[in-house]
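So the chains spell out like this:
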Amino acid sequence: MSRDTSGHLRRLLISLAQGNRDEGEHVDIVLAKQGTQALYAAGENKLGTDESKFSAILCTCSKPHLRAVFLEYQKMCDRDIEKSISREISGDLESGMLAVVKCIKNTPAYFAEKLYKAMKGAGTNDKTLIRIMVSHSEVDLLDIHKEYVKNYGS
């Protein structure tokens, strides 16, 4: 991974691979608001973007905490965190951060979207299709199926 990537994308991927995410379920709304302020200060509220701050928050905070941060961000900025990331960050790093956010928000919906895109249009992306089907068959494939049907029909 570190040979095939560089810069902020490398740091994002390595941080995710290290598994340092807080696994707690408790959400402290004061800390969530602080996280929201930190994301805003690192992106929308400054010239340039502090990608490291985005990565640190996205890779270490618990999933429930991040969901609260995303909700507070929407309230504060009147803009979804995904839109802010797309405005502030580009390229592979944008794609990586958006994938993290989508997985935090709704993991089955993220993989349903990946399946849809893998099968959409002429031909299929067999590699993506097989990877998702095999890696999720015993875990959450039924949940992914429900999201797929909800979002894309049967």
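Numbering of residues begins from 1 in every chain and follows the order in which that chain's sequence is written. This being a predicted model, a pLDDT of at least 70 is required before a residue's local features are given, and a value of 80 or more before pairs of side-chain atoms are given or counted; all residues contribute to the totals for chains, interfaces and linings. Note that water and hydrogens are dropped before the side-chain values are worked out from all heavy atoms of the structure.

### What to know about the side chain of Ser62
Reasoning step 1: Tracing the backbone through its elements, the reader meets Ser62 in the loop between α3 (51–60) and α4 (63–77).
Reasoning step 2: Side-chain polar atoms of Ser62 contact the backbone oxygen of Gly24, separated by 3.5 Å.
Reasoning step 3: Contact definition: two residues touch when any of their heavy atoms are within 4.5 Å. If we ignore the near neighbours within four places in the chain, the residues touching Ser62 are Arg21, Asp22 and Gly24. Secondary structure elements are taken from DSSP: a helix is a run of H or I of four residues or more, a strand is a run of E of two residues or more, and numbering for both begins at the N terminus. Contacts described as polar in this section are N or O atom pairs within 3.5 Å, which, within protein, must combine one atom able to donate a hydrogen with one able to accept it, while residues neighboring in sequence count only if both atoms come from side chains.

### Overview of the packing of aromatic side chains
Reasoning step 1: Between 30 and 60 degrees the pair is tilted, below 30 it is stacked and above 60 it is edge-to-face, where a pair is any two Phe, Tyr or Trp rings, Trp via its six-membered ring, whose centres lie within 6.5 Å. Inspection of every chain in the model, using the stated rule, returns four aromatic pairs.
Reasoning step 2: When the centroid spacing of 5.0 Å and the interplanar angle of 80° are considered together, the rings of Tyr110 and Phe111 count as edge-to-face.
Reasoning step 3: Three exposure classes are used, based on accessible area relative to the maximum for each residue type with a 1.4 Å probe and protein chains only: buried under 20%, partly exposed in between, and exposed over 50%. For Phe111, a relative accessible area of 15% translates into the label buried.
Reasoning step 4: Each ring, one from Tyr148 and one from Tyr152, has its centre 5.3 Å from the other, and the planes form 50°; the classification is tilted. Pair noted here: Tyr148 and Tyr152 are both in helix α8 (residues 141–152), with a separation of four residues, about one helical turn.
Reasoning step 5: With relative accessibility at 17%, the residue Tyr148 sits in the buried group.
Reasoning step 6: For Tyr152, a relative accessible area of 31% puts it in the partly exposed group.
Reasoning step 7: Pairwise contacts between aromatic rings join Tyr116, Tyr148 and Tyr152 into one cluster.

### Quick notes on the side chain of Arg21
Reasoning step 1: The topology assignment puts Arg21 in the loop between α1 (7–18) and α2 (29–42).
Reasoning step 2: It turns out Arg21 is buried and unbridged, and the closest side chain with the opposite charge, Glu23, is 5.3 Å from it.
Reasoning step 3: A polar atom in the side chain of Arg21 sits 2.7 Å from the backbone oxygen of Cys61.
Reasoning step 4: If we skip the residues at most four places from it in the chain, Arg21 touches Leu16, Leu58, Cys59, Thr60, Cys61, Ser62, Lys63, Leu66, Val100 and Ile104. The sign given to each residue is positive for Lys and Arg and negative for Asp and Glu; His and the chain ends receive no count. Salt bridge criterion: a side-chain nitrogen from Lys or Arg within 4 Å of a carboxyl oxygen from Asp or Glu.

### Observations concerning the layout of surface pockets
Reasoning step 1: Approximately 360 Å³ is the volume attributed to the largest pocket.
Reasoning step 2: In terms of lining, the largest pocket is formed by 15 residues, of which the most central are Ala99, Cys103, Tyr110, Phe111 and Lys114.
Reasoning step 3: Mapped by element, the contributors of at least two residues to the lining of the largest pocket are α6 (91–119) and α7 (126–136).
Reasoning step 4: With nine residues, the top contributor of residues to the lining of the largest pocket is α6. Only protein atoms enter the 1 Å grid, on which a cavity is a set of points fitting a 1.4 Å probe that cannot get out and a pocket is an open set with protein on both sides within 12 Å along at least 5 of 7 lines, lining residues being those with an atom within 4 Å of a point. Grid points are joined across faces, edges and corners, and a volume is the space filled by probe spheres set on the points.

### So, the nonpolar core
Reasoning step 1: Counting residues in hydrophobic clusters, the biggest one holds 25 residues, and the most contacted among them are Phe54, Phe70, Ile81, Ile85 and Met97.
Reasoning step 2: Every element with two or more residues in this core is listed here: α1, α2, α3, α4, α5 (81–88) and α6.
Reasoning step 3: Setting aside chain neighbours within four positions, we find Phe70 in contact with Leu58, Ile81, Val101, Ile104 and Lys105.
Reasoning step 4: What makes a nonpolar core is a set of buried Ala, Val, Leu, Ile, Met, Phe, Trp, Tyr and Cys residues whose side-chain atoms join them at distances within 4.5 Å. The next biggest cluster of nonpolar side chains, apart from the first, holds nine residues, and it includes Ala99, Ala112, Leu129 and Tyr148.

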